[in-house]
There are 2 protein chains.
Amino acid sequence: MLDYLLHGTPAQQRRAMAKAITLLESTRPDHRREADALLNALLPHTGQAFRLGISGVPGVGKSTFIEALGLYLIGQGHRVAVLAVDPSSSVSGGSILGDKTRMEHLSVHEHAYIRPSPSGGNLGGVAAKTREAMLVCEAAGYDIVIVETVGVGQSETAVADMTDMFCVLQLPNAGDDLQAIKKGIMELADLVVINKADLDPDAATRAQAQITSALRLLGLHGRPETAHHDETLWHPRVIQLSALQGRGVDAFWQAVSDFRRLQQANGRLAARRQRQARAWMWERIDSGLREAFAHHAAVRERLPQLTEAVLAGRMVASAAARSLLSAFFHAPPMGGDATPSPSLNDRSL
Amino acid sequence: MLDYLLHGTPAQQRRAMAKAITLLESTRPDHRREADALLNALLPHTGQAFRLGISGVPGVGKSTFIEALGLYLIGQGHRVAVLAVDPSSSVSGGSILGDKTRMEHLSVHEHAYIRPSPSGGNLGGVAAKTREAMLVCEAAGYDIVIVETVGVGQSETAVADMTDMFCVLQLPNAGDDLQAIKKGIMELADLVVINKADLDPDAATRAQAQITSALRLLGLHGRPETAHHDETLWHPRVIQLSALQGRGVDAFWQAVSDFRRLQQANGRLAARRQRQARAWMWERIDSGLREAFAHHAAVRERLPQLTEAVLAGRMVASAAARSLLSAFFHAPPMGGDATPSPSLNDRSL
């Protein structure tokens, strides 16, 4: 599989990628061990791609934009992979459709690879699978990886945390009608795109000015601690675009290229990836610890009533936490005999 | 102690509060058990106060404002406690000074109680101690608890997460000179106060208009998903004030009272406290799990080299996490014999 992945023909690569990603998404312990071996083997062949996160609410024209962008990039000699993070996909079948009719020209192109969101599990699990899939795409030589997401829960944060650049697509309403932007999302944006600008050019221009000024005002435009414009730092931009008419895609890519060049020169691209890798490791550790905690017999027995006591104001939250931690570390995991387990340092609480 | 705390004279109460809070801040295991017993005993006497969070950078006039507000509230028959969350206090002695000369009139008033930030430990620990101290103040009959913080790290989020209402103080610069606001802080604000408005009334008025419009535009002004103004929901306000001249304190308190009445009527006050209590419990659990993890012998042995391998791109972060979790759950905590410990559900990773 690794050999086909790295050196196969495009068709062999696509089959190997699909197989590899399916393996990564498996929950069987033996598959998981195989997957870890595969990941570590392909790691030296990863990291060369540019990782671009794209977010926007349904209706903003995300698919049309990504298809236009993908075909533009292939025209420039790139190979483009499109992945998705959609934590709703396990419940509803997903807001980001898995079927390939969504990007009909891009999906059939031999230099494009499109994969729907992994389904099942919480956002952390979905994000981890997508990060791993991204490494598979990079090892297979895809040099632009686009990770798209829809505004569900904290999925934008997850995508911003796995990409080199995070772009937010926005509709061109303006003034009092301006569609309110989801709380917290603008502080993630490296680039804001007013899509469908052709529908109302005046509104798009006003929206562009308003968002630019709001970003500056709320400290989201460059570093909050300085009022000076530092040329070595990226200041988030707001641009207009019409994906349907294919207008503005080149300007978009110019902004992305400017960002990439600047971030490479000032060392922030590498620093961001290191920060992401460290945070990803700790996120998986925290998630594994909490999972083991939630499955522990003594915890499962006590958690409902302690939670209820905390919510009803009969018990202080920190005392309930100490009681549950004590059960976790000192009671047997399966209700059998008491056996030593990782010791709890009481001072740490 | 509990009796003096609940039923003593103001002087007896203050001594009992100081003793109780010192006990809560102790790291000795026997003190911690005593403290938990005390907390659970006083819990039925808590929760009646209004919890007000106040944040602002150094120089914005936070102390002058809190002193003016405190004296105003005491004049209205309230009893006022002032606590602080300052995670830098263990390193530098703190940006929020512990000495009482800072609020000289308020600190000597018998209906006021001022306590500096607990020092030492990480932000989660500092915040947990302050939450517990808040309960002590409430049990002693303080019906307004003010928790102040300075913009260090995530301390604003911690304070917003333990209070009923979160206010941000801001200086009245405007236009291009407008001081950039710290990233992410505006989305926490229920009320923004332009302090020192007397210095430049025109600038203050422009700043008020600009921040109001930026809040609305970025979805921070009411619910992001609706463009309608819903009268049952609070929409963050921006007001002007001059704490030094004592102007605007009544208008500030009017806004706080409007907020409190609305949040009580629509059920969001109670819901926010429940959400906070649940999050606080889980934050303490996560922190305790991570602390035990970091102190585990097998983890300590492997963590440096695995972290380095992840940062250098030689190992996938999720694989490193799985390897460390496996060491934590399957290796003995102290390097002794292998003994069963909480079982790891591999599928959960």
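Residues numbered from 1 in each chain as written. Chains lettered and ligands numbered in written order. Predicted model: local features only at pLDDT ≥ 70, side-chain atom pairs only at ≥ 80, totals over all residues. Heavy atoms only, no water.

As recorded in an unreviewed UniProt entry, chain A goes by the name ATPase/protein kinase, listed as coming from Tepidimonas fonticaldi.

Engineer: Is there a simple way to think about unusual backbone geometry in this case?
Structural biologist: If a residue is not glycine, its phi is most likely negative; likewise, a peptide bond is most likely trans. With phi around 55°, K196(A) is a residue other than glycine that occupies positive phi space. Secondary-structure assignment places K196(A) in the loop between β6 (191–194) and α9 (201–217). (Helix = DSSP H or I, 4+ residues; strand = E, 2+ residues; numbered from the N terminus.)

Engineer: Is there a simple way to explain the sheet that holds strand β2 (residues 80–85) of chain A in this structure?
Structural biologist: Residue and element names in this part refer to chain A. Within the open sheet, the seven strands sit side by side as β3-β2-β4-β1-β5-β6-β7. Their pairing is parallel. Single-partner strands in this sheet number two, and they are β3 (112–114) and β7 (237–240). Put simply, the sheet's adjacent strands are angled 20° from each other on average, direction ignored. As paired elements, β2 and β3 share three bridges and run parallel to each other. Of the residues in β3, the one forming a bridge with A81 is Y113. Those strands touched by α9 are β5 (165–170), β6 and β7, and its axis lies near 175° from that of β7. (Pairing = 2+ DSSP bridges. Axes fitted to C-alpha atoms, helices over the stretch in contact; angles between N-to-C directions. Contact = heavy atoms within 4.5 Å.)

Engineer: I keep staring at the nonpolar core and nothing clicks. Help me out?
Structural biologist: Within soluble globular proteins, side chains that are nonpolar tend to cluster in buried spots. One finds M281(A), I285(A), F293(A), M281(B), I285(B) and F293(B) to be the most contacted residues of the largest nonpolar core, which totals 148 residues. Ignoring sequence-local partners within four residues, the contact set of I285(B) consists of F293(A), A321(A), L324(A) and L325(A). (Core = buried A, V, L, I, M, F, W, Y, C linked by side-chain atoms within 4.5 Å. Buried < 20%, exposed > 50% of the residue type's maximum accessible area, 1.4 Å probe, protein only.)

Engineer: Explanation requested: helix α2 (residues 10–25) of chain B in the structure shown.
Structural biologist: Note that an α-helix has 3.6 residues per turn; residues three or four places apart therefore point the same way. All names here are of chain B. With 16 residues, α2 extends 22 Å from end C-alpha to end C-alpha; this agrees with the ideal 22 Å at 1.5 Å per step. Of the positions making up α2, those classed as buried are Q13, A16, M17, A20, I21, L23 and L24. Down the axis of α2, the buried side of the element spans an arc of 150°, and every buried residue falls inside it. More than 90 degrees from the buried face of α2, the exposed residues found are R15 and K19. Looking at the packing, one finds that the buried side of α2 touches α1 (2–7), α3 (29–42), β3 (112–114) and α7 (123–139). (Expected span 1.5 Å × (residues − 1). Arc of directions from axis to C-beta.)

Engineer: It is not clear to me how the packing of aromatic side chains should be interpreted in this structure. Could you clarify?
Structural biologist: According to the stated counting rule, one finds 12 aromatic pairs over all chains in the structure shown. Taken together, a centroid distance of 4.9 Å and an interplanar angle of 85° make the contact between F65(A) and F252(A) edge-to-face. One end of the pair, F65(A), is in helix α4 (residues 62–75); the other, F252(A), is in helix α10 (residues 249–265), with 187 residues separating them in the sequence. The two residues F65(A) and F252(A) agree in class, both being buried. On the basis of an interplanar angle of 80° and a centroid distance of 5.9 Å, the ring pair of F293(A) and W282(B) is categorised as edge-to-face. Residue F293(A) is located in helix α11 (residues 268–295), and its partner W282(B) is located in helix α11 (residues 268–295); the two belong to separate chains. According to the relative accessible area criterion, F293(A) is buried, its value standing at 0%. (Phe/Tyr/Trp six-rings, centres within 6.5 Å; stacked < 30°, edge-to-face > 60°.)

Engineer: When you look at the pattern of salt bridges in this model, what are you seeing that I'm missing?
Structural biologist: Any two side chains of opposite charge can pair, on the condition that their charged atoms come close. Considering all chains together, one arrives at 28 salt bridges over all chains under this definition. Of the charged contacts in the structure, one is a salt bridge between E132(A) and R32(A), with a shortest N-O distance of 3.3 Å. In this pair, E132(A) sits in helix α7 (residues 123–139) while R32(A) sits in helix α3 (residues 29–42), placing the two residues 100 residues apart along the sequence. Note on accessibility: E132(A) and R32(A) belong to one class, buried. The closest approach of N and O atoms between D190(B) and R272(B), which form a salt bridge, is 3.3 Å. (Salt bridge = Lys/Arg side-chain N within 4 Å of Asp/Glu carboxyl O.)

Engineer: In this structure, what is going on with the packing of α11(A) against α11(B)? I would like to understand it.
Structural biologist: Contact pair α11(A) / α11(B): the axes reach a minimum separation of 10 Å and the direction vectors enclose 105°. By the criterion of interaxial angle, the relationship of α11(A) to α11(B) is roughly perpendicular. From α11(A), W282(A), I285(A), D286(A), L289(A), R290(A) and F293(A) reach across to α11(B), where they touch W282(B), I285(B), D286(B), L289(B), R290(B) and F293(B). Each residue belonging to the contact of α11(A) with α11(B) can be placed in one class, and the counts come to eight nonpolar, no polar and four charged. (Parallel < 35°, antiparallel > 145°, perpendicular 65-115°, else oblique. Nonpolar A, V, L, I, M, F, W, Y, C, P; charged D, E, K, R; others polar.)

Engineer: Help me understand the sheet that holds strand β5 (residues 165–170) of chain B, please; the structure alone is not making it clear to me.
Structural biologist: Backbone-to-backbone hydrogen bonds join strands into a sheet, with any given pair of strands oriented parallel or antiparallel. All names here are of chain B. Spatially, the seven strands line up as an open sheet ordered β3-β2-β4-β1-β5-β6-β7, and their pairing is parallel. With one partner strand each, in any of the chains shown, β3 and β7 (237–240) form the two edges of the open sheet. Averaged over all neighbouring strand pairs, the angle between strand axes comes to 20°, with direction disregarded.

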